[in-house]
Amino acid sequence: MSAETSAAPGLVTRRRLQFRAWRGTRPFWAGLFIMIGGFPIMYFPYANITIGHLTLAMSTTAGAGSLIIGVLLVVLGISLWFQKHIRTFAGVAAILLGLVSIPVSNFGGFIVGFLFALVGGAMAVAWAPGEPEAEPAAGNTPATDDAPQAADPDTTILKPVRDGTSGPNDLSGTSPANGANGRHSAG
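Residues numbered from 1 in each chain as written. Predicted model: local features only at pLDDT ≥ 70, side-chain atom pairs only at ≥ 80, totals over all residues. Heavy atoms only, no water.

This part covers the packing of aromatic side chains. Aromatic ring pairs are defined here through the distance separating the ring centres and the angle between the ring planes. Applying the stated rule across the entire model yields 8 aromatic pairs. Ring centres of Phe19 and Phe28 lie 5.5 Å apart, and the angle between their planes is 85 degrees; on these two criteria the pair is classed as edge-to-face. Residue classification places Phe28 among the buried residues on the basis of a relative accessible area of 9%. Taking the centre distance of 4.9 Å and the plane angle of 10 degrees together, the rings of Phe28 and Trp81 count as stacked. Here Phe28, found in helix H2 (residues 28–43), pairs with Trp81, found in helix H3 (residues 63–82); they are 53 residues apart in sequence, far enough to count as distant. By the burial criterion, Phe28 is buried, and Trp81 matches it. By way of ring pairs, the aromatic residues Phe19, Trp22, Phe28, Trp29, Trp81 and Phe82 are connected into one cluster. (Phe/Tyr/Trp six-rings, centres within 6.5 Å; stacked < 30°, edge-to-face > 60°. Buried < 20%, exposed > 50% of the residue type's maximum accessible area, 1.4 Å probe, protein only. Helix = DSSP H or I, 4+ residues; strand = E, 2+ residues; numbered from the N terminus.)

Two elements in contact, H3 and helix H4 (residues 87–104), have axes separated by 10 Å at closest approach and are oriented at 160 degrees. Here H3 lies roughly antiparallel to H4, going by the angle between them. Both H3 and H4 take part in a crossing whose hand is left-handed. Along its contact with H3, which presents Gly65, Ser66, Ile69, Leu72, Leu73, Leu76 and Leu80, the element H4 presents Arg87, Phe89, Ala90, Ala93, Ala94, Leu97, Val100, Ser101 and Val104. Its residues assigned to classes, the contact of H3 with H4 comprises 12 nonpolar, 3 polar and 1 charged. (Axes fitted to C-alpha atoms, helices over the stretch in contact; angles between N-to-C directions. Parallel < 35°, antiparallel > 145°, perpendicular 65-115°, else oblique. Left-handed = near helix turned anticlockwise from the far one by under 90°. Contact = heavy atoms within 4.5 Å. Nonpolar A, V, L, I, M, F, W, Y, C, P; charged D, E, K, R; others polar.)

Shape is all these values report; function is a separate question.
See below:
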């Protein structure tokens, strides 16, 4: 194979491009940040640090609360990847769980988990799905000036709006055409 011959894309390249396309259609980074924020929140209350012969236990009375908050953050991060339509709920829930982790879980996993949960939640709330690029129709030509052009010619002309009450389909019986003078009749 010479240096000028291009090789066919391999399996790794194809999978990488498929992953990139999948990642681009959902709030991937928001979910990743939220999951990363959940791990220190649920780990530190159960961690034992050994310094020489001294064992330092980080256990708190709120260990179960820290575990629940961390697991919920990991689940919210995964659900953002696979159910992108819940991005607003998951983002707000991640922000609230991150805030609750400050008093419950060793200052939110020593601020690291708290910050990741906050940033990931904000990214999830701010994420919006992209619009696919529309190809121009064959008959449309781009404008030469910088003024915006209307896509629909009916929207450029103001037309009178009909209220629908004076037409033949008036079922309310309050039309002046019926002789009711706009009042309802009872009885």
